[in-house]
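Residues per chain, in single letters:
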Amino acid sequence: MAALVRLLEDAQGLQNLRKSVGEYQAYAARLYEYAAAVRIQAWFRGIRVRAYLKFLNKCATKIQKIWRGFLARRYYSILLRNTVFIMRFKHYNAMASKIQRIWRGYYVRKYVFCYHGRKRYLEALQVKNEIVRKHHYLLSTEVIPGIYNSPFLPCPTEEEYLLRSVQPLSHKKKKADEPEFDPICKNYSSSVLPPLKKPLSSMFIGPFRDPKDVQKQRYKPFQPTLRVCTDFFSLEKAREKLKKDEWVQRINDNL
Amino acid sequence: MSRQVLQVFEQYQKARTHFVQTVAELASRPQNIETLQNAGVMSLLRPLLLDIVPTIQQTAALALGRLANYNDDLAEAVVRGDILPQLVYSLAEQNRFYKKAAAFVLRAVAKHSPQLAQSVVDCGALDALVICLEEFDPGVKESAAWALGYIARHNGELAQAVVDAGAVPLLVLCIQEPEISLKRISASALSDICKHSPELAQTVVDAGAIAHLAQMILNPDANLKRQVFSALSQISKHTVDLAEMVVEADIFPAVFTCLKDSDEHVKKNVATLIREIAKHTPELSQLIVNAGGVAAVVDYIGETKGNIRLPGIMMLGYVAAHTENLAMAVIVSKVSYYFLGFHLLKEEWPIQAAAAWALGQIGRHTPEHAKAVASANVLPKLLQCYLRTDASEDLQAKSKKALKNILQKCVHLPALEPLLHDAPPNILKYVVGQFSKVLPHDAKGRKLFVTSGGLKKIQEIKAEPGSALAEYINAINSCYPEEIVKYYSPGYSDALLERVEQYTPKM
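Within each chain, residue numbers correspond to sequence positions counted from 1 in written order. A letter from A marks each chain and a number from 1 marks each ligand, given out in the order of writing. Local features in this predicted model are restricted to residues of pLDDT 70 or higher, and side-chain atom pairs are both shown and tallied only at a pLDDT of 80 or more, whereas totals for entire chains, interfaces and linings draw on every residue. To obtain the side-chain values, all non-hydrogen atoms of the structure were used and water was disregarded.

Looking at an unreviewed UniProt entry, one finds chain B named Sperm-associated antigen 6, with Candidula unifasciata as its source organism. UniProt positions are given in the numbering used here, feature names are shortened, and annotations may be inferred rather than shown by experiment. Under the heading Subunit (unreviewed entry), UniProt records this for chain B: "Interacts with SPAG16 and SPAG17." For the record of chain B, the UniProt heading Function (unreviewed entry) holds the text "Important for structural integrity of the central apparatus in the sperm tail and for flagellar motility."

An unreviewed UniProt entry lists chain A under the name Spermatogenesis-associated protein 17, with Candidula unifasciata given as the organism. On record in UniProt, under Subcellular location (unreviewed entry), the comment for chain A is "Cytoplasm".

A. Highlighting the overall build of chain B. Labels follow the DSSP assignment, with helices taken as runs of H or I lasting at least four residues and strands as runs of E lasting at least two, numbered in each case from the N terminus. Regarding its fold elements, chain B presents 35 helices and zero strands. Relative to its length of 507 residues, chain B is extended, with a C-alpha radius of gyration of 34 Å against a globular reference of 23 Å. Each residue is placed in one exposure class: buried if its accessible area under a 1.4 Å probe, protein chains only, is under 20% of its type's maximum, exposed if it is over 50%, and partly exposed if it falls in between. Taken across its 507 residues, chain B has 54% of its residues classed as buried. Relative to all contacts within chain B whose residues are 6 or more apart in sequence, the contacts with residues 24 or more apart total 70%. In these tables, accessible area is a Shrake-Rupley quantity obtained with a 1.4 Å probe, and a residue counts as shielded only by the protein chains included in the view. Summed over all atoms, the accessible surface of chain B reaches about 22500 Å², with 53% contributed by carbon and sulfur. Here Asp and Glu are counted as negative and Lys and Arg as positive; His is not counted, and neither are the chain ends. Think of each charge as sitting on NZ of Lys, CZ of Arg, CG of Asp or CD of Glu. In chain B, which carries 49 positive and 52 negative side-chain charges, the distance between the mean positions of the two groups comes to 6 Å. We compute the radius of gyration from the C-alpha atoms alone; for a globule the expected value is 2.2 Å times N to the 0.38, where N is the number of residues. The contact rule is simple, with two residues in contact once any of their heavy atoms fall within 4.5 Å.

B. Looking closely at unusual backbone geometry. Residue and element names in this part refer to chain B. If you check the backbone angles, Asp250 has positive phi at about 60° while not being a glycine. Note that Asp250 resides in the loop between helix 17 (240-248) and helix 18 (254-258). With phi around 60°, Asn377 is a residue other than glycine that occupies positive phi space. The residue Asn377 is located in the loop between helix 26 (367-374) and helix 27 (379-387) in this model.

C. Expanded view of the nonpolar core. Residue and element names in this part refer to chain B. As used here, the term nonpolar core means buried Ala, Val, Leu, Ile, Met, Phe, Trp, Tyr and Cys residues forming a set that is joined through side-chain atoms within 4.5 Å. One finds Leu45, Leu213, Phe252, Val255 and Ile274 to be the most contacted residues of the largest nonpolar core, which totals 185 residues. It is helix 7 (residues 96-110) that contributes the most residues to this core, nine residues altogether. Setting aside anything within four residues of it in sequence, one finds Val255 in contact with Ile217, Phe229, Val270, Leu273 and Ile274.

D. Examining the environment of Val132 of chain A more closely. Here Val132 of chain A shows up in helix 3 (residues 115-135). The class of Val132 of chain A is buried, set by a relative accessible area of 4%.

E. Region of the structure containing the packing of aromatic side chains. Pairing of aromatic rings covers Phe, Tyr and Trp, the last counted by its six-membered ring, and requires centre-to-centre distances within 6.5 Å; plane angles under 30 degrees mean stacked, over 60 mean edge-to-face, and any other angle means tilted. Counting across every chain of the model gives 15 aromatic pairs over all chains. Grouping aromatic residues by their ring pairs yields a cluster made of Trp103, Tyr106, Tyr107, Tyr111 and Phe222 of chain A. Placement of a positive charge over a ring is assigned whenever Lys NZ or Arg CZ falls within 6 Å of the ring centre and within 35 degrees of the normal to the ring plane. A cation sits over an aromatic face here: Arg16 of chain B above Tyr12 of chain B, 4.5 Å from the ring centre. For the cation-ring pair, Lys429 of chain B lies above Tyr430 of chain B, with the distance from its terminal atom to the ring centre recorded as 5.4 Å.

F. Fine view of the interface of chain A and chain B. Contact with chain A, which involves 25 residues of that partner, is made by 38 residues of chain B. When chain A packs against chain B, close to 3000 Å² is buried across both sides, 57% of that on carbon and sulfur atoms. What makes a salt bridge here is a side-chain nitrogen of Lys or Arg within 4 Å of a carboxyl oxygen of Asp or Glu, nothing more. The interface formed by chain A and chain B contains one salt bridge. In this structure, Arg118 of chain A and Glu324 of chain B form a salt bridge, with 3.1 Å as the shortest nitrogen-oxygen distance. Any N or O atom pair separated by 3.5 Å or less is treated as a polar contact, with the protein-specific requirement of one donor-capable and one acceptor-capable atom, and with residues adjacent in sequence counted only for side-chain atom pairs. On inspection of chain A and its partner chain B, the count reaches seven residue pairs in polar contact (both at pLDDT 80 or more). Where the side of chain A that touches chain B is concerned, the elements lending two or more residues are helix 3 and helix 7 (234-249) of chain A. Ranked by residues supplied to the side of chain A that touches chain B, first place goes to helix 3 of chain A with 10 residues. Charged means Asp, Glu, Lys or Arg here, nonpolar means Ala, Val, Leu, Ile, Met, Phe, Trp, Tyr, Cys or Pro, and polar covers whatever is left, Gly included. Split by residue class, the side of chain A that touches chain B holds 11 nonpolar, seven polar and seven charged. Buried area: the sum, over both parts, of the accessible surface (1.4 Å probe) that disappears when the two are put together.

Here it is in structure tokens:
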């Protein structure tokens, strides 16, 4: 207890000591605390400002986003229109090429040159040549009987008939009479119609044009334009032909 | 008394007869004629023509004819001696033996030259001969037709004179007579008339000759066939219409049997006929090809020798010249280029030239045709023909043109290889040009080109820079890597050796 009384008598001094120590500590801590407080404030303010800036950014972004979307949609619709147009155009070109291809093939085969026809002709020619080479002189004539037609037999043998039956591949002029159904419909001017085809399916209904008009249009005679008839290389070919004819007819080349 | 007088006359007559007969016999042998001429036989025979006795007249005329037949001096002597008018006059009057003999004299005189024939015509012989054609006796008709034929043979005016005298219908009638010799002579006369101009040929055709000539095609007599085919070919050679008329007489395919006849001249004339018909238009050639004509002609070329082949070769050339369709038909008929090529070295100039020409016509249409021709190893032979120093200009020109035309279409490289080594620059240009067109697209071809020594040869060619040849060579060189081109360039081995010498090994 005495220590305590003694301490209590000294309490003021202790308290003063404590205060001064406390004051000193407080004084020492003041700077630190001030810095800490500033720091806390700065951080908080920073948060607020950042939040505000973020908000502002978001607003600006949103505005830009909407605007850009608007512009892009306009641009997109134009782009789409163009793309669709190009796609359709290519398709039409492809179809036109197809038609042209078919037409040119038909035209060349019919009016200019047919490969399979030529092939068939050459094969038939070879057969004919074989017959002519081997057997024709064995055929009997009016005056002299052939070897298959002995005068001692009552009638010629079958080889004779076989050889006689071989006709030359003649170039007959085109026959005047056409077959019954003629696709060109040359004599359509008469009132006789071509024979009936299958009835039209129910897809084709409605008022039809006058059949005569349709037939006239459908069976128009083929009148190719000069451009179609003319070969692309016609000029060069004409020159070559002139030179060639001159060379063929000239028998003697002695100058 | 009078008997002695008459005896003198009889002796004289016998002497004259003997003289004339002996002279006639002697005149039939050529070696006596010189002597007879020197002995002045002409002036002696002339009065005998006017003799009273018909046999002496006839024999004198016969002797005169044989003399005039021998050479043209004697014929001119006949003309100068004014014998012709007398003969012409008596042609109208006398009996048939005399007519035959007189016509023989006229023929003998007219055959030598156009001037002599003209002098025969000037004497008015044509009308008399035409009257003779109307006689019954076939011998007279034959002599008259023969004389007319010889007159018409020389030129167009004389032939026109014969036609104007009205000979053609009578000749056509003569053709229909049964005697073979008469047919033969009339066909020959018609042939001689037709050959000069289209109008004359048209006159003959208008008289209906073609049908009768066509009927005689399969007659067994070779001489007759010869003349018939000659007549038909002379008719058809002028214009397309005449050729078509000949064709319409249904001569094909019977004509091809005659191509295998045993007589050479018949074959030649048949080939000439086919050639003249094929020459005109593609349709006519097509007709011949369809009837199997090309095969027949190819066999004909294979079996005959010498100049007789010429019309056959020309026919193939004409057929192939029209269109490439027909040229393909010729190729397909196994025209045996090997054979045509064989001609190119062994025969005489006309055959070689014709073969070169025909090959050019066949091969010039498309690459297919050129390949078919070139693969028969024909191009080196054509080149040889072109390069021969002793070849005629005709042959050289034709083989050069044929080569050029075939080469411009040929893309079959193995056939072009041999030409690289021998060709002169103007041909080499085409060969190299073809290589430069094909090699960029064909890998296997490039390899073959290198291994066969073609690239080496290309490097050795000296071409002027800027010329087409240089361009082609550049194009070919650009198909290959540089090292290979350098390897094959001339002097490369020397350059390498030099480098070896200059190289110092690093120690």
